[in-house]
Amino acid sequence: MGKLIGVGVGPGDPELMTLKAVRMIRENEIIAVPGEAARETVAYKIAVQAAPELAEKELVAVPMPMTKDPEALAASHDKAADQVETYLRDGKNVVFLTLGDPTVYSTFMYVHKRIKARGYETQIISGIPSFCAAAACADMALTEAKEELHVIPAVYNIDHDLNYEGTRVLMKSGKKMGRVKERLMQEDCDVFMVENCGMETQRVFHSAQEIPEDAGYYSLIIVKEKKEK
């Protein structure tokens, strides 16, 4: 039987892909990519710059609908696992590309646990998480000394308490960016947002006021407590 290998391609800059991620692409022929058209996906466009061999591989497009409907999500994850299993059953490994790190809010993990439950071998190759790369882009530390770090999927938590101590990373703000911005402007804190981190269209914002309400899907916000000078 083949093995499913989840490979993190990092946040956007192909130079931030790990050597191991590139090697996995080079050594395996079946590459799964989340999206309707494999060559048009962000993950493919990042990875092919670091591993040009990817263009010659057999690509498997794995549609992942943007919905919160649990039944629709479960059905899409089951279908994705079925797609992958057709190759594993024939003894072929499948490298599944995913943005950032596969273990951080990745749709890959839903496929991973289904494939694992069916008795196949699985492996995860770490990638640089978007919030680490975003902090580097903002030229700042995420945490220092005893500061806590909280990673929050804002789209699910905007109606709840976001006032954690330490540094907060707000991911998945999406269409609720306007409400997230409004909440942050009410706080006395330092706010940084990186849109399209590591890509040619990258933009860095240095306050809640600067954040555009129509910011793109790949936007990540870092919120830090103000320090006494």
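Before any of the text, the structure's been laid out above.
Just so it is clear, the model here is predicted, and its values are computed rather than measured.

Let us now look at the side chain of Lys224. You can see Lys224 is positioned in strand S10 (residues 219-225). Relative accessible area serves as the criterion here: at 10%, Lys224 is assigned to the buried category. At a separation of 2.9 Å, a polar atom in the side chain of Lys224 contacts the main-chain carbonyl oxygen of Leu142.

Taken in spatial order, the 5 strands make up an open sheet running S3-S2-S4-S1-S5, and their pairing is parallel. Each edge of the open sheet is held by one strand with a lone partner, namely strand S3 (58-62) and strand S5 (121-125). Neighbouring strand axes in the sheet, compared pairwise and without regard to direction, differ in orientation by 25° on average. Summarising the sheet, strand S2 (residues 30-34) and S3 pair through 5 bridges and their orientation is parallel. Paired with Ala32 across the two strands is Val60, which belongs to S3.

Turning next to the pairing of S10. Burial runs high along S10: 6 of the 7 residues are buried. Two elements, strand S7 (residues 167-171) and S10, share 3 bridges in a ladder whose sense is antiparallel. Bridge pairing in S10 links Val169 to Ile222. Of the pairings in the sheet, the one linking strand S8 (residues 189-195) to S10 comprises 7 bridges and is antiparallel in character.

Okay, the sheet that holds S7 next. What the 5 strands build is an open sheet, ordered S6-S7-S10-S8-S9; its pairing is mixed. A strand with exactly one partner marks an edge of an open sheet, and here the two such strands are strand S6 (149-153) and strand S9 (203-205). Here the average twist between neighbouring strands, direction ignored, is 15°. The strands that helix H5 (residues 130-137) touches are S6, S7, S8, S9 and S10; relative to S10, the one it contacts most, it runs at about 70°. Against the sheet, helix H7 (residues 177-185) touches S7, S8 and S10, its axis set at about 10° to S10.

Calculation rules
Residues numbered from 1 in each chain as written. Predicted model: local features only at pLDDT ≥ 70, side-chain atom pairs only at ≥ 80, totals over all residues. Heavy atoms only, no water. Helix = DSSP H or I, 4+ residues; strand = E, 2+ residues; numbered from the N terminus. Buried < 20%, exposed > 50% of the residue type's maximum accessible area, 1.4 Å probe, protein only. Polar contact = N/O pair within 3.5 Å; in protein donor to acceptor, adjacent residues only side chain to side chain. Pairing = 2+ DSSP bridges. Axes fitted to C-alpha atoms, helices over the stretch in contact; angles between N-to-C directions. Contact = heavy atoms within 4.5 Å.

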